[in-house]
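Residues per chain, in single letters:
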Amino acid sequence: MNLITGHTKLTALLGSPVSHSISPLMHNEAFRQLGLDYVYLCFEVTEDTLPEAVAGLKTCGIRGFNLTMPNKNKIVELLDELSPAAQMIGAVNTVVNENGRLIGYNTDGIGYMQAARDAGHDLTGKTITMMGAGGAATAICAQAALDGVNKIHIFARPTSRFWTRTANLVRTINSSTSCQAVLHDNGDMDALKEATAESYLLLNATSVGMAPNTDASIITDSSLFRPELVVSDVIYNPQETLLLRQAKEAGCQTFNGMYMLLYQGAEAFRLWTGTDMPIDLIKEKYFQIHP
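An account of the accompanying structure is given in this report.

About the thresholds
Along every chain, residues carry numbers that run from 1 in the direction the sequence is written. Per-residue local features are limited, in this predicted model, to residues with pLDDT of at least 70; the limit for side-chain atom pairs, both in listing and counting, is 80 or more; totals at the level of whole chains, interfaces and linings are taken over all residues. Each side-chain value is worked out from all heavy atoms of the structure, with water and hydrogens disregarded. Grouping into patches uses exposed residues only, defined as over 30% relative accessible area, and leaves out salt-bridged ones; the cut-off is 9 Å for like charges and 5 Å for nonpolar side chains (Val, Leu, Ile, Met, Phe, Trp, Tyr). Each accessible area is a Shrake-Rupley result for a 1.4 Å probe, and residues are judged covered by the shown protein chains and nothing else. Within this document, salt bridges are pairs made up of a side-chain nitrogen of Lys or Arg and a carboxyl oxygen of Asp or Glu, the two lying within 4 Å of each other. Charge assignment: positive for Lys and Arg, negative for Asp and Glu; neither His nor the chain ends contribute. Charged side chains are reduced to one point each, which is NZ for Lys, CZ for Arg, CG for Asp and CD for Glu. The way it works is that DSSP assigns letters per residue, a run of H or I at least four long becomes a helix, a run of E at least two long becomes a strand, and they are numbered from the N terminus. Only protein chains enter the accessibility calculation, which uses a 1.4 Å probe. A residue is then buried if its area is under 20% of the maximum for its type, exposed if over 50%, and partly exposed in between. Contacts described as polar in this section are N or O atom pairs within 3.5 Å, which, within protein, must combine one atom able to donate a hydrogen with one able to accept it, while residues neighboring in sequence count only if both atoms come from side chains. Lines are fitted to the C-alpha atoms to define the axes, a helix being fitted only along its stretch in contact, and any angle between axes, read from their N-to-C directions, falls within 0 to 180 degrees. Reported orientations rely on four angle classes, namely roughly parallel under 35 degrees, roughly antiparallel over 145, roughly perpendicular from 65 to 115, and oblique for the rest. Should the near helix be turned anticlockwise from the far one by less than a right angle, the crossing is termed left-handed; should it be turned clockwise, right-handed. Contacts are assigned to residue pairs with any non-hydrogen atoms lying within 4.5 Å of each other. Lys, Arg, Asp and Glu make up the charged group, whereas Ala, Val, Leu, Ile, Met, Phe, Trp, Tyr, Cys and Pro make up the nonpolar group; the residues left over, Gly among them, are polar.

Observations regarding a negative patch on the surface
A surface patch of like charges, here negative, comprises Asp185, Asp188, Asp190 and Glu194. Relative to the helices and strands, glutamate 194 resides in helix H7 (residues 189-198). A residue is classified by how much of its surface remains accessible, and glutamate 194, at 59% relative accessible area, is exposed.

So, the side chain of threonine 8
Tracing the backbone shows threonine 8 in the segment before strand S1 (9-15). Separated by 2.7 Å, the side chain of threonine 8 and the backbone nitrogen of threonine 5 make a polar contact. Here the side chain of threonine 8 touches aspartate 37 through a polar contact of 2.7 Å, side chain to side chain.

Some remarks on the packing of helix H1 (residues 23-34) against helix H9 (residues 258-273)
Contact geometry of H1 with H9 gives a least axis separation of 11 Å together with a crossing angle of 45 degrees. Taken together, the axes of H1 and H9 lie oblique to each other. Where H1 crosses over H9, the handedness of that crossing is right-handed. Listed contacts from H9 to Ser23, Met26, His27, Ala30, Phe31 and Leu34 of H1 are Leu261, Leu262, Gly265, Phe269, Trp272 and Thr273. In terms of residue class, the contact of H1 with H9 is made up of eight nonpolar, four polar and no charged.

Spatial relationships are all this shows, so hold off on functional conclusions.
Structural data, given as structure tokens:
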């Protein structure tokens, strides 16, 4: 284990729930392997308590931290500066403390696109369907558009507080990239059927199906699945969500969010330390994906 010294730099994860996270294992092992005097801890923090938590951590000189549900959007208003990608997305999953200035980044999209490649899927020129409009969803949409995805169907609730922000992102994608983005009401089953029929990939970027509520699926009509459709979930606990089980039973290829977590974490690690995470070692030790 890492020895805590008077010079140890603190990094952390803020979210709710966080007790299931494997981020502490990943980061602390990487620190140990590279001989870096850092430690990574988890803190149970909600949107209501986030302002106090961030103020306290900033006062204590934290080097940086990650955000997970439900804090990726709320954190934006608490930061001093945003990277161009984070500004475009309106969500942050990684913060770096640069001499008292908190700078927000978003590494989720980078992580997801690398995870898709790891699973054997090149999304360039493809059409995808995205379920959700939160921080992870918008990050993936932005990165997918930048990486050459041809068309993105985004399904969200019009009553969601993220609807307007997602509509703005759709306009930005359509005006500044070659990708076509379309925002749909997730209650429009006809639109969902048409979108999945023309899509290479269906992705759940919501928390539906995440532990402990593992008996839920974002897709209630299993006829939408066809063997040619790749189905993905950003959730990694459980490793196989009900959505992925449904898709696999229909003959679809599937992959979960474990490698997205690995690659977004590796980019955060680099931002905090200036050093590359030993990805192959961390993958072998903590990211064995079981069927």
